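Understanding the architecture of this molecule
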Amino acid sequence: QNTTFVDHYLDVPFDLSKTFFVATANSLEGIPGPLIDRMEVIELTGYTVEEKLHIARQHLIPKQLAEHGIKAEQVELPDTLLRKLLLSYTRESGVRELQRRIAGVCRAVAEKLIGGAEKVIVDEAMLEDSFGQERYTSELLHEKVGPGVVTGLAWTPVGGEILFVEALRVPGSGKLTITGQLGDVMKESAQIAATLVRKLLGPDLHDDPQLAKTDLHIHVPSGAIPKDGPSAGVTLTTALASLLLGKPVDPLLAMTGEITLRGAVTPVGGIKEKVLAAHRLGVKRILLSRRNERDLKELPEDVRNAIEFIPVDTISQVLKHALNYDVLHVEHMPMHSGGARSATAVSVQ
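Residues numbered from 1 in each chain as written. Predicted model: local features only at pLDDT ≥ 70, side-chain atom pairs only at ≥ 80, totals over all residues. Heavy atoms only, no water.

Mapped onto the elements, glutamate 258 comes out in strand β10 (residues 258-259). This buried residue, glutamate 258, is left without a salt bridge; lysine 274 holds the nearest opposite charge, at 9.2 Å. Polar side-chain contacts of glutamate 258 include one of 2.7 Å to the side chain of serine 189. (Helix = DSSP H or I, 4+ residues; strand = E, 2+ residues; numbered from the N terminus. Buried < 20%, exposed > 50% of the residue type's maximum accessible area, 1.4 Å probe, protein only. Lys, Arg positive; Asp, Glu negative; His and termini not counted. Salt bridge = Lys/Arg side-chain N within 4 Å of Asp/Glu carboxyl O. Polar contact = N/O pair within 3.5 Å; in protein donor to acceptor, adjacent residues only side chain to side chain.)

Have a look at this one:
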């Protein structure tokens, strides 16, 4: 049908049967299903920090120096400053914004050279003069946190992110409050997490006479940023379990994965971007679904060697690794004579 395509603006027929169209997008979420169905989708993951540094050294910096009439021996940009420029003033999966920042540095250098300087060494003061205060800062992972705070991993169109999921209990009537501008999927994950925690921790929680008079509040910081997607169930469940058991979780342990009402941990997407973000901020261990192990092959070798990956199949295994809390076994009771199966029995140590 594309051999006689008529353009309604020019009112001229075109033969598009051999035309190859290429389109790009940061995310597929806003593209209609019928259009996606007619496309061949090729996913390109973002660059790692080390890859961006190499790209900057080999391509971006020489290009910008030439465009600004600066010789290489007239400027010194240490790796520490280049890394700070990359992490504190850009947030992207590619290098377009990084190139603009390097161009800004070159303009500042050119101004000093015109003023009589023979060589300019770029320092933090120059970055602040050119771009102001740091635009992007990450929460410190090494701070001691109390029960109810868990390090989660999230995917965004500009790469992976660290999220600290927080849980708190206050006097009330047993309600669950969820904040942080979460979408429907994450709200459902929080509801499942609350149900699972009450089930798995049942014997211990029954000893808490104030539980029925307690409201649980789950918050995911950066409330101005919409967050949704099936990857936070494990983190939400662990945060609630940590709160109710009074056991803190190591902030250098991060996790990602979705849960089912039966307590199974299911695989999620964006593993490479999430792991790279965790590595950048010093995470030492990551819990993820066993079926996501195949995605680890996409990671650079230095990242794989720096992080301990813990594959899990059930939320019971997650609680064992994160809180050293044993759910001994979950077994289904035999069928009754009426044919109905009784509720799942959970033995907790």
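So, on to the packing of helix α3 (residues 79-89) against helix α5 (residues 124-131). Viewed as axis vectors pointing N to C, α3 and α5 meet at an angle of 35 degrees, and their least axial separation amounts to 10 Å. Considering the relative orientation of α3 and α5, their crossing is right-handed. Where α3 abuts α5, its residues Leu81, Lys84, Leu85 and Tyr89 lie against Glu124, Leu127, Glu128 and Phe131. Split by residue class, the contact of α3 with α5 holds five nonpolar, no polar and three charged. (Axes fitted to C-alpha atoms, helices over the stretch in contact; angles between N-to-C directions. Left-handed = near helix turned anticlockwise from the far one by under 90°. Contact = heavy atoms within 4.5 Å. Nonpolar A, V, L, I, M, F, W, Y, C, P; charged D, E, K, R; others polar.)

Take threonine 238: it is sitting in helix α8 (residues 233-245). Its relative accessible area of 0% is what places threonine 238 among the buried residues. When sequence neighbours within four positions are dropped, the list of residues in contact with threonine 238 reads Val150, Val249, Met255, Val318, Leu319, Ala322 and Leu323.

Counting across every chain of the model gives one cavity of 30 Å³ or more. Here the largest cavity defines a volume of roughly 30 Å³. Around the largest cavity sit Val145, Val149, Val150, Thr151, Phe164, Val249, Asp250, Pro251 and Leu253, which together line it. By residue number, the principal contributor to the lining of the largest cavity is strand β5 (residues 149-156), which donates three residues. Counted by class, the lining of the largest cavity contains seven nonpolar, one polar and one charged residues. (1 Å grid on protein atoms, 1.4 Å probe; cavity = no way out; pocket = protein on both sides within 12 Å on 5 of 7 lines; lining within 4 Å. Points joined across faces, edges and corners; volume = space filled by probe spheres on them.)

In this section: the nonpolar core. Counting residues in hydrophobic clusters, the biggest one holds 41 residues, and the most contacted among them are Leu201, Leu240, Met255, Leu287 and Val318. Listed by contribution, the elements that provide at least two residues to this core are β5, β6 (159-171), α6 (184-200), β8 (214-219), α8, β9 (253-255), β13 (308-312) and α11 (315-323). (Core = buried A, V, L, I, M, F, W, Y, C linked by side-chain atoms within 4.5 Å.)

The next thing to look at is the pattern of salt bridges. Side chains bearing opposite charge may pair, as long as their charged atoms lie close to each other. One pass over the structure, following the stated rule, counts nine salt bridges. Residues arginine 83 and glutamate 50 are paired through a salt bridge, measuring 2.9 Å at the closest nitrogen-oxygen approach. In this pair, arginine 83 sits in helix α3 while glutamate 50 sits in helix α2 (residues 49-67), placing the two residues 33 residues apart along the sequence. Aspartate 313 is paired through a salt bridge with arginine 290; the nearest N and O atoms lie 2.9 Å apart. Residue aspartate 313 is found in the loop between β13 and α11, and its partner arginine 290 is found in the loop between β12 (285-289) and α10 (301-306); the two are separated by 23 residues along the sequence.

One number sums up the size of the second largest pocket: a volume of about 700 Å³. In this structure, the second largest pocket is lined by 33 residues; those nearest its centre are Val49, Leu86, Leu87, Leu276 and Arg280. Where the lining of the second largest pocket is concerned, the elements lending two or more residues are α2, α3, β6, α9 (271-280) and α10. Grouping the amino acids of the lining of the second largest pocket by side-chain chemistry returns eleven nonpolar, ten polar and twelve charged.

All right, on to the confidence of the model for the chain then. Across the chain, the average pLDDT comes to 83, with 86% of residues at 70 or higher. Confidence, read as mean pLDDT per element, is least for strand β15 (residues 345-348) in the chain (39) and greatest for β13 (95). Low pLDDT, under 50, characterises residues 329-349; the stretch is placed with 32 contacts to residues that sit more than four places away or in other chains. (pLDDT = per-residue confidence, 0-100.)

What follows deals with helix α4 (residues 96-114). The end-to-end C-alpha distance of α4, which contains 19 residues, comes to 27 Å, matching closely the 27 Å that a straight helix rising 1.5 Å per residue would cover. Turning to α4, its buried residues are Glu97, Leu98, Arg101, Ile102, Ala103, Gly104, Val105, Cys106, Ala108, Val109, Ala110 and Leu113. The inward-facing, buried residues of α4 abut α2, β3 (75-76), α3, β4 (120-121) and α5. Positive backbone phi, at 120 degrees, marks glycine 116, one or two positions downstream of α4. (Expected span 1.5 Å × (residues − 1).)

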